[in-house]
Amino acid sequence: MKSVNLDGKINNDLMTRLAAFITGTSYHQLPQEMVELAKLAIIDTIGVSLAGWNEPAVEMAKKVYASQKNGQGGVSSLWGESVKVECDKAAIINGTASHVLDYDDASVGVVIHPSAPILSAIAPLAEKLSSSGKEVITAYAIGTEVMIRIGQVMGIRHYNLGWHATDTLGTMGASAACSYLLHLNAEQCSHAIAIAASMTGGLQKNFGSMTKSLHVGLSASHGIQAAVLAEQGFTGNGNIFGKRGFFMAFSGGVGEDELQNAMNSIRFGDPYDMLAGLSVKKFPCCFGTHCFIQGALDIKEEHQLSLDAVEEIVLRAQPRSLLPLVHSRPVTGLQGKFSAEYTVLAAMADGHVKLSSFEDEQVQRTDIQKLLPKINVLEMQESEKDKRFNRRLPVEIQIKTKNGQLYEKTVLHAPGSKENPLSEKEHREKWISCLSHYAQSSLDHGGIETIAHELYDQGLRIDVYTCFSDWVNEIHNQLNDYQP
């Protein structure tokens, strides 16, 4: 029998369980697999942030949020240089850097980037509070779990409405993670979540622009602000998940019975969803392109095809996989990251897709621009069972050559996914490539690989750091000669 309150049929059990999860979780309760995943995710997120540090969007964010006036009395570090700013400002800048290359990890079940907004909120607050590595790992586990589970209540309909779920759900998860670091009680946690619910936003229409990466910075900053406000006694509506609340507003008005059933199914940390679905990116672009890229690379290698031999290409994927791929005729690197057409052509032209693939001049190559109209991207038909059970289907790629040959490939699991994970060597190589990209403006490249190996090894031991920010400071010390 359903409990009834002023919100009609919808009870408030989810908020009660959420607050209990935040206040009742400790490092020693975490599965060891979750601890190891968190360490790798933290290393990966800071790595891609450093790689993106010199991007124009980050430079502009620094000008606005790390000015001399804003920087007075700062206690929280920027990841890419030895500058300290106010806690929430550091979250905006670091968060923007973490997502600017679209190289950060993804969780495909609710179509989000979990690590970037959560770590971008945790790290500056942890530095202010002198939190340990174990506390940061625990906060990360809590924040990503809350982010994903809240998204599961709404399902794909939230994303279909045009929301950038990394922002909307990231704000909620970041507030939960920061509530843990601040040791808020259950009532304060519910207020923090309710405050965060009114700070969420982010529209897919801005994909392919600088604003997409800003979404992550804003969600991290808002997560900190919500938790700090709650710590000070600021209040929100503890029934924020009830009628006319967060879920109804952000899912387009889901029915009460369906909503209650979805909320009842949520079990925070039992198990941690990240253990089943985190994908670490091999390619620095929208995850929706990755299976297409791998298929193109496979065909190129197996049949020794050159771009000159291509007559036309057909790409097929289920509708939700195509939603973020909004640029069919890209002319900038940012747009190219959200283009199935460009990423496949880049793979065929170069035999790889890496950071340099998304320089404007690479996207604007004449041979690639001429072929863009010859690529058809089609929606794959889904059965009712596919839709109901949220099944992932393999993408299909067909390449027809000028001499009439037809080559086909299907790819179900992208490299870096749970089913096709990166090796330890590939994780480390990605970190090294990110730090090398960060240091490319320097004339001295001599020791960067050695430094990168040392910092990676230290990152694998962040659980023994009594102060997490000591590792961030070590990054600054080691990379001092390469900083802007």
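Refer to the structure above for everything that follows.
Because the structure is a prediction, the values reported are computed rather than measured. (Residues numbered from 1 in each chain as written. Predicted model: local features only at pLDDT ≥ 70, side-chain atom pairs only at ≥ 80, totals over all residues. Heavy atoms only, no water.)

Trainee: What exactly am I supposed to notice about unusual backbone geometry here?
Mentor: Here the amide bond leading from D270 into P271 is cis, since omega sits at 0°, within 30 degrees of zero. Along the polypeptide, P271 turns up in the loop between α13 (256-264) and α14 (274-277). We note that V111 has phi near 55°; this positive angle belongs to a residue other than glycine. Relative to the helices and strands, V111 resides in the loop between β3 (106-107) and α6 (115-129). Positive phi is not limited to glycine here, since Q304 has a value of about 55°. (Helix = DSSP H or I, 4+ residues; strand = E, 2+ residues; numbered from the N terminus.)

Trainee: Hey, could you run me through α6 in this one?
Mentor: Each turn of an α-helix holds 3.6 residues, which means side chains three or four residues apart point in the same direction. For α6, built from 15 residues, the straight-helix expectation of 21 Å at 1.5 Å per residue is met to within 8% by its first-to-last C-alpha distance of 20 Å. Taking burial as the measure, the 15 residues of α6 include 13 buried ones, the bulk of the element. Backbone geometry just downstream of α6 places S130 in the positive-phi region, at approximately 55°. (Expected span 1.5 Å × (residues − 1). Buried < 20%, exposed > 50% of the residue type's maximum accessible area, 1.4 Å probe, protein only.)

Trainee: Looking at this structure, I do not really get the sheet that holds strand β6 (residues 375-379). What am I missing?
Mentor: By definition, the strands of a sheet pair up through backbone hydrogen bonds, in either a parallel or an antiparallel sense. The strand order across the open sheet formed by four strands is β6-β5-β7-β8, and the pairing between neighbours is mixed. Looking at the sheet topology across the chains shown, the edges are occupied by β6 and β8 (406-411). The sheet shows a mean angle of 15° between the axes of neighbouring strands, direction not considered. The sheet contacts of helix α15 (residues 290-303) involve β5 (310-317), β7 (395-401) and β8, and relative to β8 the element is tilted by about 135°. (Pairing = 2+ DSSP bridges. Axes fitted to C-alpha atoms, helices over the stretch in contact; angles between N-to-C directions. Contact = heavy atoms within 4.5 Å.)

Trainee: I keep staring at the nonpolar core and nothing clicks. Help me out?
Mentor: Proteins that are soluble and globular tend to have nonpolar side chains buried together. Core analysis: the biggest nonpolar cluster contains 155 residues, and F241, F246, F247, W431 and W471 have the highest contact counts within it. Sort the elements by how many residues they give to this core and helix α7 (residues 133-154) lands first, with 12 residues. Beyond its immediate stretch of four places on either side in the chain, W471 contacts I42, I43, I46, W431, L455, Q458, G459, I462 and Y465. (Core = buried A, V, L, I, M, F, W, Y, C linked by side-chain atoms within 4.5 Å.)

Trainee: Please explain the environment of T168 as it appears in this structure.
Mentor: With respect to the helices and strands, the residue T168 is situated in helix α9 (residues 165-181). T168 sits in the buried class, given a relative accessible area of 0%. Between the C-alpha atoms of T168 and M199, which are 31 residues apart in sequence, the distance is 8.3 Å. Those residues within four positions of T168 in sequence are excluded, and the remaining contacts are H158, W163, T200, G201 and F250.

Trainee: What should I look at first to understand the pairing of strand β2 (residues 81-85) in this one?
Mentor: Regular strands have side chains that alternate between both faces of the sheet. Across three bridges, strand β1 (residues 76-78) lies against β2 in antiparallel orientation. Paired with S76 across the bridge in β2 is V85. Hairpin connection between β1 and β2: a loop of two residues separates the two successive antiparallel strands.

Trainee: Explanation requested: the state of the cysteines in the structure shown.
Mentor: Note on terminology: disulfide describes a covalent bond linking the sulfur atoms of two cysteines. On inspection of all chains with the given rule, the structure shows zero disulfides. Left unpaired, C189 is separated from the closest cysteine sulfur, that of C178, by 11 Å. (Disulfide = S-S within 2.5 Å.)

Trainee: Even after reading the chapter, I still don't get helix α11 (residues 210-231), so can you show me in this structure?
Mentor: Its 22 residues place the ends of α11 32 Å apart at the C-alpha level, agreeing with the 32 Å of an ideal helix rising 1.5 Å per residue. G233, located one to two residues past α11, shows a positive phi value of around 100°.

Trainee: Help me understand the packing of helix α5 (residues 87-99) against α11, please; the structure alone is not making it clear to me.
Mentor: In helix packing, the relevant descriptors are the interaxial angle and the interaxial distance, both defined with respect to the helix axes. Put simply, α5 and α11 touch, their axes get as near as 7 Å, and they point 150° apart. Relative to α11, α5 is oriented roughly antiparallel. For the pair α5 and α11, the sense of crossing is right-handed. Listed contacts from α11 to C87, D88, A91, I92, G95, T96, S98 and H99 of α5 are K212, S213, L214, V216, G217, L218, A220, S221, I224 and Q225. (Parallel < 35°, antiparallel > 145°, perpendicular 65-115°, else oblique. Left-handed = near helix turned anticlockwise from the far one by under 90°.)

Trainee: Can you help me understand the packing of aromatic side chains in this one?
Mentor: Any two aromatic rings considered together are summarised by their centre-to-centre distance and by the angle between their planes. Under the criterion given, the structure shown has 12 aromatic pairs. Three or more aromatic residues joined by ring pairs make a cluster, and in this case those are W163, F241, F246, F247 and F250. Note that K337 overlies the ring of F358, its terminal NZ or CZ placed 4.5 Å from the centroid. Residue placement shows K430 over the ring face of Y103; its charged tip is 4.2 Å from the ring centre. (Phe/Tyr/Trp six-rings, centres within 6.5 Å; stacked < 30°, edge-to-face > 60°. Lys NZ or Arg CZ within 6 Å of the ring centre and 35° of its normal.)

So far we have only geometry, and geometry alone does not tell us how the molecule works.
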